[in-house]
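# Examination of the molecular architecture
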Amino acid sequence: MTVKNVCVIGLGTMGMGAAKSCIRAGLNTYGGDISDKALETLKEAGAVKVSKNAKEFGAELDAVVVLVVNAAQVRSVLFGDNPQDCLASSLKKGTPVMVSSTMAAADAKDIAAKLAEYGLPMLDAPVSGGGIKANAGEMTVMASGAPETFEALKPVLDAVAAKVYNIGTEFGLGSSVKIVHQLLAGVHIAVAAEAMAMAKKAGIPLDIMYDVVTNAAGNSWMFENRMAHVLKGDYTPLSAVDIFVKDLGLVTDTAKALHFPIPLASTAYQMFTNASNAGFGRYDDSAVIMTFSGIDLPVNKH
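Throughout this description, residue numbers start from 1 for each chain and increase along the sequence as written. For this predicted model, a pLDDT threshold of at least 70 governs which residues receive local features, and a threshold of 80 or more governs which side-chain atom pairs are given and counted, while totals over whole chains, interfaces and linings are taken from all residues. Side-chain descriptors were evaluated using all non-hydrogen atoms of the structure, hydrogens and water having been removed beforehand.

At a closest axis distance of 9 Å, the pairing of helix 9 (residues 173-201) and helix 13 (residues 263-280) adopts a crossing angle of 60 degrees. Regarding helix 9 and helix 13, the two cross each other, and that crossing is left-handed. Facing helix 9, whose interface residues are L183, G186, V187, I189 and A190, helix 13 presents L264, A265, A268, M271 and F272. Each residue gets one label: Ala, Val, Leu, Ile, Met, Phe, Trp, Tyr, Cys and Pro are nonpolar, Asp, Glu, Lys and Arg are charged, and the others, such as Gly, are polar. Of the residues assigned to the contact of helix 9 with helix 13, the class counts are nine nonpolar, one polar and no charged. Here, axes are lines fitted to C-alpha atoms. For helices the fit covers the stretch in contact, and angles between N-to-C directions go from 0 to 180 degrees. A helix here means a DSSP run of H or I that spans at least four residues, while a strand means a run of E at least two residues long, and both kinds are numbered starting from the N terminus. Handedness of a crossing follows from how the near helix is turned relative to the far one, being left-handed for an anticlockwise turn of less than a right angle and right-handed for a clockwise one. Contacts are assigned to residue pairs with any non-hydrogen atoms lying within 4.5 Å of each other.

Looking now at the packing of aromatic side chains. When the centres of two rings from Phe, Tyr and Trp lie within 6.5 Å, Trp using its six-membered ring, the rings pair. Their planes under 30 degrees apart give stacked, over 60 give edge-to-face, and anything left gives tilted. The tally for this structure, following the rule as stated, stands at five aromatic pairs. Summarising the aromatic geometry, the rings of Y30 and F57 are spaced 5.0 Å apart at their centres and angled 50 degrees between planes, so their arrangement reads as tilted. You can see Y30 sitting in strand 2 (residues 28-32) and its partner F57 sitting in the loop between strand 3 (49-51) and strand 4 (63-66), a full 27 residues away along the chain. Of the two residues, Y30 and F57, both sit in the buried class. Ring geometry for F244 versus F272: centroids 5.4 Å apart, planes at 20 degrees, classification stacked. On the criterion of sequence distance, the pair formed by F244 in helix 12 (residues 241-258) and F272 in helix 13 is long-range, its members being 28 residues apart. Partly exposed describes any residue whose relative accessible area lies between the buried limit of under 20% and the exposed limit of over 50%, with all areas from a 1.4 Å probe on protein chains only and scaled to the type maximum. Here F244 falls in the buried class, since its relative accessible area comes to 2%.

Let us look at the side chain of R226. With respect to the element layout, R226 can be found in helix 11 (residues 221-232). Overall, R226 belongs to the buried group, its relative accessible area being 9%. Polar contacts, as used here, are pairs of N or O atoms within 3.5 Å; protein pairs need one atom able to donate a hydrogen and one able to accept it. Residues neighboring in sequence count only if both atoms are side-chain atoms. A distance of 2.9 Å separates the side chain of R226 from the side chain of N225, its partner in a polar contact. Within the local environment of R226, its side chain forms a polar contact with the side chain of D285, the two groups lying 2.6 Å apart. Discounting residues that sit within four places of it in the chain, R226 has contacts with I189, W221, S239, D284, D285 and S286.

Read these as layout, nothing more, since geometry by itself doesn't imply function.
Encoded structure:
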């Protein structure tokens with residue numbers, strides 16, 4: 001099967017970027033989302049069809065990319081409440097489904113098994129890179145699945161990714177790599193916030209501290225990207241605090257299953273949970289800095 005018609009389901013920051021990248025690559029692109037605004041945006045960008053229920057055009061598709069928030073949403077999108085009347089049942093047998101949501105390895109295996117009942121191959125393919133990389137078609141994909149599924153999805157992968165890592169054939173391996181990556185990402189954001197909060201408490205101008213770190217050995221991609229939001233006082237959610245409550249929760253669950261200690265990730269998880277509990281759950285994840293008391297931060301424009 002040659003992939004010409006692809007549907008991206010979940011048109012958030014990453015999904016919208018992926019869908020627009022598919023359009024630019026010349027693929028006939030469809031979109032699915034619960035947001036009318038997101039559907040309208042993708043339609044204006046050149047999508048063939050958009051809908052809140054992708055089952056409407058399931059029979060037309062050659063590939064599906066699922067970029068919703070979590071495993072529960074993936075199951076809802078693919079299988080719904082009625083296994084006989086759902087997106088999975090509307091797809092042609094052999095249609096590859098690229099599941100790019102962050103989830104536990106066990107969930108990836110379970111979803112792959114359910115798709116197989118419909119004759120649908122899955123690629124366990126979490127993504128990273130943020131909105132900028134997604135919009136540029138330069139995401140990083142960490143995937144596992146059958147070689148023929150990688151090959152079938154090559155036009156889509158070429159459209160959305162700068163790097164594609166083939167982790168192996170076992171479902172769950174791609175998801176596990178993403179979970180380890182999110183451990184690092186979450187800790188980096190939390191410690192960046194801690195460092196900037198301490199600098200503020202010490203009377204160091206935040207713009208100077210930011211400039212020093214981004215030109216020295218303590219820098220990280222997350223520090224450079226997220227602390228720029230703090231300097232602007234802009235917590236518009238590109239990736240929300242609650243996303244890291246979820247992702248670091250997955251890190252915690254995975255570590256528990258492995259009987260493996262994660263002291264730094266556990267602390268970061270508590271920091272994000274505290275930020276969510278304080279009312280910042282839907283703010284940008286850099287808003288974890290707002291839980292530190294006794295400091296004055298740039299004006300919050302959220």
